[in-house]
Every structure is written in C-alpha cells, then in structure tokens.
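# A closer look at the structure
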Amino acid sequence: MSAAIRPRVPLSVRLGAVVVAAAVAAASCGAREPAPPADEEPASEVEAMMRRFAPVEIAADISHLPDNEVQALGEIIEAAEVMDGLFLEQVWAGSPSQLVRLAADRTPEGMATLHYFLINKGPWSRLDDNEPFLDRGVPPKPPQANYYPADATREEVERWFDSLGGEARRQATGFFSVIRRDASGGLTAVPYNVHYRSALAIAAEHLRRAASLTTQPSLRRYLELRADAFLSNDYYDSDIAWMELDASIEPTIGPYETYEDEWFSFKAAFEAFVTIRDDAETAKLERFGAELQGLEDTLPIDARYRNPQLGGLAPIRVVNVVFTAGDANSGVQTAAFNLPNDERVTAEKGAKRTMLKNVQEAKFQNVLRPIAEVALAEADRERVSFDAFFTHILMHELMHGLGPHHVHGSQRTVREALTDANSALEEAKADISGLWALQQLADRGVIEPEIARSMYVTFLASAFRSIRFGINEAHGKGVAVQLNYLLDRGAVVVRDDGTFAVVDDAIAGAVADLTRDIMTMQATGDRDAAVELLGTLGVVRPEVQRVLDRLTDVPVDIEPLFATAKEVLHR
Ligand code: ZN
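Positions within a chain are numbered from 1, following the residues in the order the chain's sequence is written. Note on the predicted model: pLDDT of at least 70 is required for a residue's local features to be given, and 80 or more for side-chain atom pairs to be given and counted; whole-chain, interface and lining totals, by contrast, use all residues. Side-chain metrics in this entry use all non-hydrogen atoms of the structure; hydrogen atoms and water are not considered.

## Topic: the environment of Met521
Within the fold, Met521 resides in helix H22 (residues 504-524). Distance in space between the C-alpha atoms of Met521 and Met49 is 42 Å, their sequence separation being 472 residues. The residues contacting Met521, other than those within four sequence positions of it, are Leu418, Leu425, Asp526, Ala529, Ala530 and Leu533. The secondary structure listing takes helices from DSSP runs of H or I that are at least 4 residues long and strands from runs of E that are at least 2 residues long, numbered from the N terminus. Here, two residues are considered to be in contact whenever any of their heavy atoms come within 4.5 Å of each other.

## Re the pattern of salt bridges
The term salt bridge refers to a pairing of a side-chain nitrogen on Lys or Arg with a carboxyl oxygen on Asp or Glu at a separation within 4 Å. In this structure the tally under the stated criterion is 37 salt bridges. Its salt-bridge partner being Asp128, residue Arg52 comes within 2.7 Å of it at the nearest N-O pair. Taken together, the residues span a long stretch of sequence, with Arg52 in the loop between helix H2 (45-50) and strand S1 (53-58) and Asp128 in the loop between strand S2 (124-125) and strand S3 (131-132) at a distance of 76 residues. The salt bridge partner of Asp278 is Lys357, with a shortest N-O separation of 3.7 Å. With a gap of 79 residues between them, Asp278 in the loop between strand S7 (270-277) and helix H12 (279-289) and Lys357 in helix H15 (residues 357-375) connect regions that are remote in the sequence. Each member of the pair, Asp278 as well as Lys357, carries the same accessibility label: buried. Where salt bridges share partners, they join Asp278, Glu281, Lys284, Lys357 and Asp387 into one cluster. Categorising residues by exposure relies on relative accessible area from a 1.4 Å probe, with only protein chains included: less than 20% of the type maximum marks a residue as buried, more than 50% marks it as exposed, and the intermediate range marks it as partly exposed.

## Let's talk about the sheet that holds strand S8 (residues 316-326)
When DSSP locates at least two bridges between a pair of strands, those strands are taken to pair. One open sheet holds the 5 strands; their spatial order is S6-S7-S8-S10-S9, and the pairing between them is mixed. With one partner strand each, in any of the chains shown, strand S6 (249-255) and strand S9 (336-339) form the two edges of the open sheet. With strand direction ignored, the average angle separating the axes of adjacent strands in the sheet is 35 degrees. As defined by bridge partners, S6 adjoins S7 across 7 bridges and the pair is classed as antiparallel. Within S7, the position partnered with Pro255 by the bridge is Phe270. Sitting on the sheet, H12 is in contact with S7 and S8, with an inclination near 140 degrees to S8. Throughout, an axis means a line fitted to C-alpha atoms (over the contacting stretch in the case of helices), and angles, computed between N-to-C directions, take values from 0 to 180 degrees.

## Thoughts on the coordination of the zinc ion
Taken together, His396 (NE2), His400 (NE2) and Glu427 (OE) make up the protein donors of the zinc ion, found 2.1 to 2.2 Å from the metal. Between consecutive donors of the zinc ion, the numbers of intervening residues give the motif H-x3-H-x26-E. One end of the pair, His396, is in helix H17 (residues 386-399); the other, Glu427, is in helix H19 (residues 422-443), and 31 residues separate them in sequence. Here a donor is an N, O or S atom found within 2.8 Å of the metal, or within 3.2 Å if the metal is Na, K or Ca; sites may look incomplete because water is not among the atoms.

## A short note on helix H10 (residues 217-232)
Counted at 1.5 Å a residue, the expected span for H10 with its 16 residues is 22 Å, and the 22 Å between its end C-alpha atoms agrees. Among the residues of H10, those classed as buried are Ser218, Leu219, Tyr222, Leu223, Leu225, Arg226, Ala227, Ala229 and Phe230. On its buried face, H10 sits against helix H3 (67-91), helix H8 (192-195), helix H9 (197-213), helix H11 (236-243), S6 and S7. Two residues or fewer past H10, Asn233 is found with a positive phi of approximately 75 degrees. Helix span, as expected, comes to 1.5 Å for every residue beyond the first.

## With respect to the environment of Ala474
Looking at where Ala474 falls in the secondary structure, it is placed in helix H21 (residues 474-488). It is 19 Å that separates the C-alpha atoms of Ala474 and Arg126, two residues lying 348 residues apart in sequence.

## Concerning the packing of H10 against H11
Put simply, H10 and H11 touch, their axes get as near as 8 Å, and they point 155 degrees apart. Considered as vectors, H10 and H11 are oriented roughly antiparallel to each other. Where H10 crosses over H11, the handedness of that crossing is left-handed. Note on element contacts: H11 touches H10 through Asp237, Ser238, Asp239, Ala241 and Trp242, opposite Arg221, Tyr222, Leu225, Arg226 and Ala229. Classification used: nonpolar for Ala, Val, Leu, Ile, Met, Phe, Trp, Tyr, Cys and Pro, charged for Asp, Glu, Lys and Arg, polar for all others including Gly. Looking at the contact of H10 with H11 residue by residue, the classes come out as 5 nonpolar, 1 polar and 4 charged. Angles below 35 degrees are treated as roughly parallel, those above 145 as roughly antiparallel, those between 65 and 115 as roughly perpendicular, and all remaining angles as oblique. The crossing is said to be left-handed when, going from far helix to near helix, the turn is anticlockwise and less than a right angle, and right-handed when the turn is clockwise.

## Focus: the packing of aromatic side chains
We describe a pair of aromatic rings using the distance from one ring centre to the other and the angle between the two ring planes. Pairs were defined over the aromatic rings of Phe, Tyr and Trp, the Trp ring being its six-membered one, requiring ring centres within 6.5 Å. Orientation was assigned from the angle between planes: stacked under 30 degrees, edge-to-face over 60, tilted for the rest. Following the criterion strictly, the structure yields 24 aromatic pairs and no others. Both rings, one in Trp160 and one in Phe161, keep their centres 5.7 Å apart while their planes meet at 35 degrees; by these two values the pair is tilted. Grouping residues by exposure puts Trp160 and Phe161 together as buried. Ring centres 4.2 Å apart and planes at 25 degrees place the aromatic pair Phe273 and Phe337 in the stacked group. Within this pair, whereas Phe273 is found in strand S7, its partner Phe337 is found in strand S9, the two being separated by 64 residues in sequence. Accessibility expressed as a relative area gives 1% for Phe273, which makes it buried. Taking relative accessible area as the criterion, Phe337 reaches 4% and is therefore assigned buried. Three or more aromatic residues joined by ring pairs form one cluster here, namely Phe175, Phe176, Tyr192, Tyr196, Phe230, Tyr235 and Phe270. One Lys or Arg, Lys352, reaches over the ring of Trp242 and ends 3.9 Å from the middle of that ring. Put simply, a charge is over a ring when the Lys NZ or the Arg CZ is close to the ring centre, within 6 Å, and near the line of the ring normal, within 35 degrees.

Encoded structure:
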C-alpha cells in the first residue's frame with residue numbers, strides 16, 4: 001500500500017491536524033471545569049443537552065506496573081491525543097476554525113458550547129440525529145464527512161470509483177485514503193500517510209519512544225509496527241501484532257471504524273483506546289471457557305440441534321480504560337468493540353472482542369442505577385449489582401458462539417436463512433441464553449449463587465436502558481422481545497405503581513423456554529416464526545413507555561474524565 005500517489009497537498013491541509021490538536025489541548029483545560037450541580041436549572045439549551053452526559057472519573061489500577069511501563073503508558077497516551085485532532089478534521093473541515101473561535105469565548109455559554117463540541121467532536125449533537133447546536137456558519141452534518149471533497153456528490157464519486165480498476169480502485173475505495181480534487185478538478189485518492197503526515201509523524205514518534213521503554217515483547221512489536229504503519233500506510237502487520245498482544249498494557253490506536261463515512265462506509269476514522277488488562281476478569285473468562293461445551297451439551301433444545309464439538313473461541317479481552325480519543329471518544333461512549341475490520345487480517349487471525357470494564361461500570365453506576373430506581377419495584381432495586389451486570393455481558397459474548405449456527409441438516413447458515421430477522425434474534429439469543437447459562441453455572445457451583453439471584457433484576461433494569469436507545473436496531477429490538485415474552489409468561493409483572501418486578505418462581509423456567517424457542521427457530525431456519533416473534537414482541541408496550549417517560553432526568557450516558565491518564569502525564 002505504500003506505492004503512494006503523491007499529489008501536491010497544500011501545507012495548510014497537512015498542518016491542519018496539528019492545529020486542531022493544539023486548539024483542543026488549549027481549550028480543554030478551561031472546558032473541563034466541573035459542571036454546575038445538576039439540581040440547578042440549566043443556564044442554556046446547550047447546557048441542558050450536555051447534562052445528558054454524566055461526568056465521571058475513569059480510573060484504572062496501574063499500581064502493579066513497573067516505572068518503565070508507566071512511562072511507556074504516558075507516551076502511548078500522548079500518541080493517542082493526536083487522534084483527537086485527526087478525528088475532528090476527518091469529521092469536518094470547519095472544525096479547526098470553529099474550535100479556535102470557541103476557545104476564545106470565555107462566557108459561560110461559550111465555554112459550555114466548546115465543552116459540548118468536544119463531547120460530540122463537532123458542532124452536531126450525536127444524541128439528537130446530528131442536529132447542529134452552533135448556529136454560526138454550521139451546515140448540516142456532511143454525510144461524506146471530510147473524506148470526500150465538499151463540492152462532490154455521491155454519484156460523482158461513485159462514477160469515478162467505477163472508472164478505476166486494480167490497484168487504483170483498491171486505493172480509492174480502501175480504508176486509508178481521502179478523496180480530493182487534483183489540479184485539473186478531477187478526483188484523486190490521497191493516502192492517510194500523505195494527507196495526515198505531520199500529525200501521524202508525531203504519533204509515530206511517541207509510539208517508538210513507548211516501544212523503547214516497555215520490556216513486554218508483544219507490546220513492543222505492536223508499537224513499532226503501528227508506528228511504521230502510520231508512515232507507510234500499510235496497517236496489515238501491525239493489525240496482526242495487535243491480535244497477538246499479550247501484555248499488561250493493551251493499546252488500540254489508528255484508523256478503524258467507518259461509521260463517519262455515511263456515503264460508502266469505506267474510510268476509517270482515527271481513534272485510540274489506551275487500556276490496562278484486567279487479570280481477574282480474564283481469569284474468570286478462562287473459567288467460563290472451560291464450561292462451554294458442557295453448557296452446549298445441555299442447551300434446552302432438541303438434542304440433535306446441539307453441537308457436539310464447539311469450535312475455537314474468538315479471543316475476548318477484558319480491560320480498563322486509561323484514555324480514549326478520536327472516534328472512540330465521541331458522543332455515546334464505546335463499552336466494547338470488535339476489531340480489526342480488515343478482512344485480510346480477520347481471515348487469518350479472526351477478530352478480538354475487547355470489553356471496557358471500567359467504562360461499563362461508570363455507565364452502570366450513573367445510568368443503570370438511576371433507571372433501576374425508577375423502573376423496578378423497591379425490593380428488586382437493592383438486588384441490582386455490577387458484578388451480575390458485567391458477568392452477564394461476558395456470558396452474552398460467549399453465548400454468541402453456542403447454539404445452532406447452521407440450519408439443521410443443511411449447509412445454510414442461520415444468517416442466510418433468517419436474513420433481516422437474524423441480527424435482532426441473535427442478540428436476543430445471546431442475552432436470554434446468557435441468563436440461562438449463568439443459572440446453570442450457579443446450580444453447578446461454578447459461580448456464586450448471589451450472581452444468579454441478582455442477574456434477573458439487573459437484566460430487567462438494563463432492558464429499559466437498551467429500549468431507551470430505540471428498538472430500531474438489533475439490540476433494542478431483541479431486548480423488547482425478551483421483556484414482553486417474560487411479561488406474557490408472568491415471569492415479570494407490573495405493579496400498581498407502574499414499577500416492574502421479577503417473579504422469582506417463574507423467571508428461570510421462562511428464560512429456558514425463550515432460549516429454546518429462539519434456538520429452535522435458528523436450528524430450523526424458520527424465518528416466518530422469527531419475523532412473527534419480532535413483529536409481535538419487538539415493540540414498546542404502553543406500560544414500558546410509561547417507565548421510559550419517567551426517565552427524562554436520568555443521564556443517557558457518561559462523559560469520561562480520565563483520572564489515571566492525568567496522573568500518568570503529570571508524574
Ligand atoms: Zn451481542
């Protein structure tokens with residue numbers, strides 16, 4: 001990929017990312033002053049929008065890291081900071097000038113606007129269908145972001161793609177290039193290592209310093225190869241090294257997700273997750289891994305639909321966040337991710353699932369607990385626990401690997417058979433069978449019985465959180481199906497005061513039955529039954545809506561304040 005096309009890129013464009021990084025650094029000190037107490041009326045509209053993100057200190061235990069590793073961590077954080085500026089520029093070419101203007105405005109409203117700009121990484125509110133919250137000179141959010149020329153149309157770019165062949169087409173439609181106009185007004189692909197050269201050189205320098213500080217070989221290898229990739233634009237080797245990481249520090253840095261490219265989903269956005277591996281949870285995962293075949297062998301479905309020989313597990317990491325940047329820190333915070341996206345790497349190595357435990361806990365304390373206060377009957381509220389919440393999330397991920405993946409007696413995958421009904425049903429399967437599995441493990445003495453006692457009420461509270469985000473996507477719809485099924489089975493009831501309660505005697509049976517129903521639809525490839533289930537149960541019923549209506553003061557998500565990163569950088 002290093003056979004780079006080298007058009008003349010104006011100096012100002014190349015420096016843009018650095019300008020942005022400097023503006024963010026200058027602005028963020030003032031912008032991160034503590035928010036006024038939540039019981040005061042918000043002073044402005046933007047202040048009210050911002051209150052939906054509860055500011056939370058995100059910390060990770062680094063006391064077990066030797067000095068050299070902490071220093072390496074500091075260098076990695078500094079490399080990650082560069083991703084903020086790069087991402088801001090990727091979202092919108094107008095970001096640098098708006099940021100400079102906002103940073104100079106020291107009025108309370110100006111500072112709030114800057115703060116909300118940094119939360120959203122741009123002047124559009126991601127929670128509100130990208131409605132602009134800054135009026136001066138802000139257009140609607142460009143669906144092509146800053147990946148394609150502002151004056152181009154989707155059709156023009158598509159026609160140009162179609163006119164290309166071979167390597168030129170691969171470059172133009174690849175993850176790691178932006179499309180710009182050349183001197184004659186035609187379109188041309190500019191590789192990231194050219195377009196973002198100066199900023200990437202700074203990030204690479206920090207990664208190299210980190211590599212020289214760490215004594216962990218797999219970490220050093222990833223850092224060196226990723227630094228090379230920033231300069232060569234060839235990310236393959238460093239993606240492989242990332243899959244092979246086995247170190248106390250687990251960084252993920254570079255261009256990854258393609259959601260900001262709403263035209264084609266081709267172009268990768270810069271981001272960083274700087275994390276510390278959670279050894280206790282990693283050990284728990286290993287313990288669960290040893291139980292999976294035993295769980296498969298007793299799934300509550302017809303014995304012929306069970307898989308006598310489960311395949312290898314996709315790797316799962318549990319980590320705690322020290323710092324995130326760029327795409328990873330825009331709008332609603334990422335709680336888990338699957339990477340890499342490059343099919344050449346996943347074909348060879350698979351993908352790695354990374355769970356961000358302290359981010360999940362922050363969401364649990366600041367969003368889920370307040371939801372439980374509103375949604376659950378009083379006796380159930382005190383049983384809600386983070387341990388149950390997180391253990392169920394781990395089990396959800398593992399259960400994606402269990403149950404039927406092919407239609408019984410055929411080569412057809414369940415995905416092919418169920419088509420558009422597949423995703424929501426598969427998510428519901430992972431949730432409900434995760435509860436089933438944890439009950440089995442508690443019955444067998446593999447996990448503490450307290451988790452099984454608290455997981456049902458915890459799941460019930462989290463159902464409202466998922467449905468609140470909408471039932472148009474797979475997770476929310478799948479959760480609505482489960483909640484309504486449990487209501488119809490009398491395993492969850494609505495009290496006179498509108499709160500919801502788990503019926504202890506009925507819940508385990510209903511959970512096993514729904515696990516059976518869903519997995520049987522998958523085993524038989526019964527799309528009609530799946531569509532019927534999603535259509536009748538994947539809805540928001542009035543009693544659920546009444547609870548949602550009472551959640552207006554509960555934060556939607558968190559705004560991370562990176563306490564450990566600050567401590568590391570100021571040592
Ligand atoms: Zn899932």
